[in-house]
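Structure assessment
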Amino acid sequence: MPQYRFGAGEPPHQRWPVAWYNPAVLLQSARELVSSADVIRNADPRELWTGVFEAEDHTAEVGPDGEFWFDFLSDTGDGGNATYTVARAVQAEAMDDGEGELCPRGRILFLGGDLSYPGASAYEYQYRFLEMFEGARAASGSDTAGRSSYAIAQNHDWFDSLSTLKRYFVDRDNGEIFGLRTPQKRSYFATRLPQGWWVLGFDFALTGDLDRGQYEAFRRLAGDKINGAANPNHLMAPGDQLILIYPEPYWTRPLGDGAPEGYPKRYQRLEAILEAKGLHIRMRIAGDVHHYCREASASPDPTAADLLVTCGAGGAFLHPTHAVSLSQPKVRRALHDPSAISPELGQATFFGTVPSEPDAASAYAAQCRYPAPDVSRALGRQIWWSLFKFAWNSLDPRGGPLLRGVGQGNLMFPLSLGLAYAAAFWLACSDGARLAVWAAIVAMCFSLAKDEPGKLARWGSPAIHAALQLGAIWWVTQFVSDLGWHGSAARVCAAPGVSHLLGALACAVLGTVVGGLIAGVYFWAMARCGLMWNNAYSPLACEDYKGFLRFRLDAKGDLTGYFFGCDEVPKQWALNRANPGDLPGQARPVWVEAAGTQPARWKVVDRFTLRRQSSR
């Protein structure tokens, strides 16, 4: 565990963003991912749920005006500045929509997963998620309005096999989550809202799909009788409107999501079953990608339109909105396969990207991206030097304890490259060892681009990166050798001495600078071309351009969504001294903007309405 300090004495600006290129973070994440994936493969924890899967009923919670409000937030628990800023806004009693009307806090807070980074643990949840949200509240204790929260898990929540998320959200309705009720009984949920609306939250674990028990649980909720098991008390009915919360925006991947021919994924089959029963899927929403994007179907009928919404702007580092693979045209395809081995496998609903311009009738057009693509591209100009940041996400060495700043920052990545350069110099007399160093560099370069679309991006660009790194190794080692510190090559190989060690140290210093700059410029170039949207942007660790969704369900059954965005979050905080008699941890909110720090400026970036669709 990093050297965390908890409590009111650790303000948000000292809870630094995750340094994703720190080798220790990469190794920890890889180890936890492999371990959890192995558990799921052999004994999927989702298969342990028993009993009847019941929907939680919120139909009686409408206000006196007949309206019902709820919120969606995802991908929080990274840098303290961003997480705390969003936590204060989403828990405020109301937000101004910019047109003179107030949008009250929702009765339900839906959390779309990835609640802490780099992985789930009691320490990470406490440090990056729970203390940030608890400290942002206006008052401590149980929520006097009786509000609720539901959460699904994303990949990082599964890095401890879901242990921590279950500990706080499943069968744990005791107000631990910043005073809210948490009534869900499984790692997935169904909530029944007023006016015939439902919100269903799914759990993909690390498999990219539903497990069979979850698939059958939602089918029973739609009225299917399966294996003679009892159905829930509240069933979805034809004409009901559905919002599906997914742990990842699968529609940003190629059409079909990699499902084998003749064997659609369970979530694809489930969507087809729900639609065949006269249920209207009006919105598919997910986090995982750390920006906001809304895409709408081409239907001219406002009561038939449906949306694809990506909203992972709750606190994690920013992903670009100009990325090629994320902004490709998206389409819907209904599968009717008469050759399927069973009727269940013959019907499915596919969403995804296509390489060519799609048929207008099946295409989804982007309505809003935040930040705007030109802003997203401009932010990428800072990428080339971002690998040299200290843990506090800055090049300034005065931001904290220097050793912690180096040891927990991205700076460890170019330092590791520098060690590889030094090793190539030190092992110059051993061809086998030197080749091993070169092979490690080449493997690193290709692993960074392994998920890129197209052969040029996946194979050509890392080949160029590797060639530049190997060329730089040759140049640096040759340059140091030409200085003549260590004598002849024969003498060095026979008995390396202090002068040779000095040469290796010189290679380490030069390799840190040169290797880090080569990697940074490579990331910048790829990002400029809209490629490597995750690996190139993560070292930037941008805490700005954050937000969440607030929804109003009116008495007619129409749903209006408001995406509240904040272009720049405050970067300095101080203890709240409004009531001098309060102890530091008792004040609410615990921290306020430090003197001279501009408060967060929230605005409605996107506003949309889905008219209630009648029964077929």
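For the structure given in this document, a descriptive report is provided here. (Residues numbered from 1 in each chain as written. Predicted model: local features only at pLDDT ≥ 70, side-chain atom pairs only at ≥ 80, totals over all residues. Heavy atoms only, no water.)

For the chain, the count of helices and strands is 14 helices and 20 strands. What you see for the chain is a C-alpha radius of gyration of 26 Å, in line with the 25 Å of a compact globule of 616 residues. Reported as C-alpha extents along the three principal axes, the dimensions of the chain are approximately 85 × 75 × 45 Å. The long-range fraction of contacts in the chain, counting pairs at least 24 apart against all pairs at least 6 apart in sequence, stands at 76%. (Helix = DSSP H or I, 4+ residues; strand = E, 2+ residues; numbered from the N terminus. Rg over C-alpha atoms; globule rule 2.2 N^0.38 Å. Contact = heavy atoms within 4.5 Å.)

Evaluated as defined, the whole model comprises 39 salt bridges. Residues D396 and R398 are paired through a salt bridge, measuring 3.0 Å at the closest nitrogen-oxygen approach. Overall, D396 belongs to the partly exposed group, its relative accessible area being 27%. Of the residues examined, R398 reaches a relative accessible area of 72% and is grouped as exposed. What you see here is one network of salt bridges that share partners, running through E271, E275, R284, D306 and R332. (Salt bridge = Lys/Arg side-chain N within 4 Å of Asp/Glu carboxyl O. Buried < 20%, exposed > 50% of the residue type's maximum accessible area, 1.4 Å probe, protein only.)

Next up on the list: unusual backbone geometry. Of note, the amide linkage connecting Y117 to P118 takes the cis form, showing an omega dihedral of 0°. In this structure, P118 sits in the loop between β5 (108-111) and α3 (122-135). In this chain, R588 is followed by P589 through a cis amide linkage whose omega measures -10°. By the element assignment, P589 lies in the loop between β18 (573-575) and β19 (591-593). For A541, which is not a glycine, the phi torsion comes out positive at approximately 50°. Assignment of secondary structure puts A541 in the loop between α14 (498-528) and β16 (546-553). The buried category is assigned to A541, whose relative accessible area is 6%.

Under the defined criterion, the tally for this structure stands at 47 aromatic pairs. Seen in terms of ring centroids, Y150 and F189 are 5.2 Å apart; in terms of plane orientation they differ by 40°. Their pairing is tilted. Note that Y150 is positioned in strand β6 (residues 148-151) and F189 in strand β7 (residues 189-192), a separation of 39 residues in sequence. There is no split in this pair, since Y150 and F189 are both buried. On the basis of an interplanar angle of 65° and a centroid distance of 5.8 Å, the ring pair of F204 and Y246 is categorised as edge-to-face. Of the two residues, F204 sits in the loop between β8 (197-201) and α5 (212-221) while Y246 sits in strand β9 (residues 241-246), which places them 42 residues apart along the sequence. The residues F204 and Y246 share a single accessibility class, namely buried. Taken together, the aromatic side chains of F53, Y188, F202, F204, F218, Y246, Y250, W251, Y267, F351 and Y364 make up a single cluster linked through ring pairs. Above the face of the Y127 ring, R15 is positioned so that its terminal group lies 4.9 Å from the ring centre. Between the NZ or CZ atom of R269 and the centre of the ring of Y215, over which it lies, the distance is 5.6 Å. (Phe/Tyr/Trp six-rings, centres within 6.5 Å; stacked < 30°, edge-to-face > 60°. Lys NZ or Arg CZ within 6 Å of the ring centre and 35° of its normal.)

Before going further, it helps to spend a moment on the sheet that holds strand β20 (residues 602-610). Spatially, β6-β5-β2-β16-β17-β20 is the arrangement adopted by the six strands of the open sheet, whose pairing is mixed. Sheet topology places β6 and β20 at the edges, where each strand pairs with a single neighbour. On average, each strand axis in the sheet is inclined to that of its neighbour by 20°, with strand direction left out of account. In this structure, β5 lies alongside β6, joined through four bridges in parallel fashion. When the sheet's bridge partners are listed, L109 is paired in β6 with S149. Of the strands in this sheet, β2 (68-73), β5, β16, β17 (559-566) and β20 are in contact with helix α2 (residues 80-90), which crosses β16 at around 20°. (Pairing = 2+ DSSP bridges. Axes fitted to C-alpha atoms, helices over the stretch in contact; angles between N-to-C directions.)

Across the sheet, which stays open at both edges, the ten strands sit in the order β1-β7-β8-β9-β10-β12-β11-β15-β13-β14 with mixed pairing between neighbours. On the outer flanks of this sheet lie β1 (56-57) and β14 (347-353), each paired with one strand and no other. Pairing analysis gives five bridges linking β8 to β9, with the strands arranged parallel. Bridge assignment links V199 to a residue of β9, and that residue is I243. Its contacts with the sheet place α5 against β7 and β8, and it is angled at close to 170° to β8. The sheet contacts of helix α6 (residues 266-276) involve β8, β9, β10 (280-286), β13 (330-336) and β14, and relative to β14 the element is tilted by about 115°.

Running from amino to carboxyl end, helix α12 (residues 455-482) crosses α14 at an angle of 155°, the nearest separation of the two axes being 10 Å. Relative to α14, the element α12 is oriented roughly antiparallel. Where α12 crosses over α14, the handedness of that crossing is right-handed. Of the residues in α14, those in contact with A457, S461, P462, H465, L468, Q469, A472, V476, T477, F479 and V480 of α12 are G503, A506, C507, L510, V514, G515, I518, A519, Y522 and M526. For the contact of α12 with α14, a count of residues per class yields 15 nonpolar, six polar and no charged. (Parallel < 35°, antiparallel > 145°, perpendicular 65-115°, else oblique. Left-handed = near helix turned anticlockwise from the far one by under 90°. Nonpolar A, V, L, I, M, F, W, Y, C, P; charged D, E, K, R; others polar.)

On to α6. The buried count for α6 comes to ten of eleven residues, which makes it a mostly enclosed element. Buried within α6 are the following residues: R266, Y267, Q268, R269, L270, E271, A272, I273, L274 and E275. Looking at the buried residues of α6, the elements they touch are β8, α5, β9, β10, β13 and β14. Phi turns positive, to about 85°, at G278, one or two residues after α6.

Within the largest apolar cluster, 71 residues are counted, with the highest numbers of intra-cluster contacts made by F70, F110, M283, Y292, F523, L549 and L559. Top element by residues in this core is α14. It accounts for ten residues. Excluding anything up to four places from it in sequence, Y292 contacts V309, T310, C311, T321, C368, R369, Y370, L549, F563, D606 and F608. In terms of nonpolar packing, the next biggest core, distinct from the first, is built from 38 residues, V86, C103, I177 and A205 among them. (Core = buried A, V, L, I, M, F, W, Y, C linked by side-chain atoms within 4.5 Å.)

Time to look at helix α10 (residues 412-426). Turn by turn, an α-helix covers 3.6 residues, leaving residues three or four places apart pointing in a common direction. Helix length check: α10, at 15 residues, gives a terminal C-alpha distance of 20 Å against a target of 21 Å (1.5 Å per residue), a fit within 8%. Among the residues making up α10, those that are buried are F413, P414, L417, G418, A420, Y421, A422, A424 and F425. Residues of α10 that are buried make contact with α1 (23-43), α11 (431-448), α12 and α14. (Expected span 1.5 Å × (residues − 1).)

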